[in-house]
Amino acid sequence: MRGFISTSLDIILQIFFVLMLLAGLFSGYQTGGFFGAIGGLIGAFLVGVVFLGALFVLLDIRDNTKRAADALERNG
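Values in this document were obtained by computation on a predicted structure and should not be read as measured data. (Residues numbered from 1 in each chain as written. Predicted model: local features only at pLDDT ≥ 70, side-chain atom pairs only at ≥ 80, totals over all residues. Heavy atoms only, no water.)

1. Describing the packing of aromatic side chains
And step 1. Throughout the structure, instances matching the rule amount to two aromatic pairs.
And step 2. Between Phe17 and Phe45 the ring centres are 5.9 Å apart and the planes differ by 65°, which places this aromatic pair in the edge-to-face class.
And step 3. Centroid distance Phe34 to Phe35: 5.4 Å. Interplanar angle 75°. Geometry classified as edge-to-face. Across this residue pair, the class does not change: Phe34 and Phe35 are exposed. (Phe/Tyr/Trp six-rings, centres within 6.5 Å; stacked < 30°, edge-to-face > 60°. Buried < 20%, exposed > 50% of the residue type's maximum accessible area, 1.4 Å probe, protein only.)

If you want it as structure tokens, here you go:
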């Protein structure tokens with residue numbers, strides 16, 4: 001069950017990242033045309049990398065901890 005939740009959260013974060021990029025693109029286009037769209041896309045990308053990247057790092061830490069515990073149980 002934990003694996004399902006972890007995988008589901010990973011998929012949700014990826015979808016959210018794409019939606020953030022689209023929102024930045026459209027909102028930038030409405031305010032500044034083509035160059036506003038590029039600026040909005042870059043801004044949304046940076047915000048997505050910072051915030052969602054932290055969550056991906058936490059998921060990786062959880063996975064690595066689980067693998068280390070499994071390896072210790074097998075060898076110990």
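After presenting the structure, the write-up continues.
2. Description of the environment of Ile11
And step 1. In this structure, Ile11 sits in helix α1 (residues 2-75).
And step 2. Judged by relative accessible area, Ile11 falls into the partly exposed class, the value being 44%.
And step 3. Along the chain, Ile11 and Ala54 lie 43 residues apart, while their C-alpha atoms are 15 Å from each other. (Helix = DSSP H or I, 4+ residues; strand = E, 2+ residues; numbered from the N terminus.)

3. What to know about α1
And step 1. The terminal C-alpha atoms of α1, which comprises 74 residues, lie only 23 Å apart, well short of the 110 Å expected from a rise of 1.5 Å per residue.
And step 2. Helix geometry: α1 is bent most strongly at Gly32, by close to 150°. (Expected span 1.5 Å × (residues − 1). Bend = angle between axes of the 7 residues up to and from the residue.)

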